[in-house]
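This is what each chain is made of:
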Amino acid sequence: MVVETIAFALFALVTVGSSLGVVLAEDVWHSALFLGAALLSVAVHYVMLQAELLAAMQILVYVGGVLILITFAVMLVRREGEPEGLEVLDA
């Protein structure tokens, strides 16, 4: 019982931390990686609740589908040598 509580607390911290990383990361690629960690930790919560089918669907649909789609979109849209921020030119 104590081990389950410790595991739940650990994965709850991983879920909250990676969710904050999704929102606070400045790079889109890092944000997508944090999203993957958050989705995988939610799948672990489903396993801890003995809902293995939901955990499998979480991994297959969200991690396998949505996250890969986001990764391809980031790779196709991103340009090398592009400036990070907008520069204001003095006239």
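Figured I'd write up the structure that's included with this text. (Residues numbered from 1 in each chain as written. Predicted model: local features only at pLDDT ≥ 70, side-chain atom pairs only at ≥ 80, totals over all residues. Heavy atoms only, no water.)

A look at a nonpolar patch on the surface
- On the surface, a nonpolar cluster with roughly 580 Å² of combined accessible area is contributed by Leu53, Met57, Leu60, Val61, Tyr62 and Val66.
- Structurally, Leu53 can be placed in helix H3 (residues 52–77). (Patch = residues over 30% accessible without salt bridge, like charges linked within 9 Å, V, L, I, M, F, W, Y side chains within 5 Å. Areas by Shrake-Rupley, 256 points an atom, 1.4 Å probe, with all protein chains shown as cover. Salt bridge = Lys/Arg side-chain N within 4 Å of Asp/Glu carboxyl O. Helix = DSSP H or I, 4+ residues; strand = E, 2+ residues; numbered from the N terminus.)

Brief notes about helix H1 (residues 2–24)
- When the terminal C-alpha atoms of H1 are compared, their 33 Å separation across 23 residues agrees well with the 33 Å that a helix rising 1.5 Å per residue should span.
- The complete set of buried residues in H1 reads Thr15, Ser18 and Gly21.
- Summarising the contacts, the buried residues of H1 are in contact with helix H2 (28–48). (Expected span 1.5 Å × (residues − 1). Buried < 20%, exposed > 50% of the residue type's maximum accessible area, 1.4 Å probe, protein only. Contact = heavy atoms within 4.5 Å.)

Section: the packing of H1 against H2
- Remark: H1 packs on H2, axes separated minimally by 8 Å, with the N-to-C direction vectors making an angle of 155°. By the angle class used here, H1 and H2 are roughly antiparallel. At the point where H1 passes H2, the crossing takes the left-handed sense. Residues Glu4, Ala7, Phe8, Phe11, Ala12, Val14, Thr15, Ser18, Ser19, Gly21 and Val22 of H1 form the contact with H2, whose participating residues are Ser31, Phe34, Leu35, Ala37, Ala38, Ser41, Val42, Val44, His45 and Met48.
- Taken together, the residues of the contact of H1 with H2 break down into 13 nonpolar, seven polar and one charged. (Axes fitted to C-alpha atoms, helices over the stretch in contact; angles between N-to-C directions. Parallel < 35°, antiparallel > 145°, perpendicular 65-115°, else oblique. Left-handed = near helix turned anticlockwise from the far one by under 90°. Nonpolar A, V, L, I, M, F, W, Y, C, P; charged D, E, K, R; others polar.)

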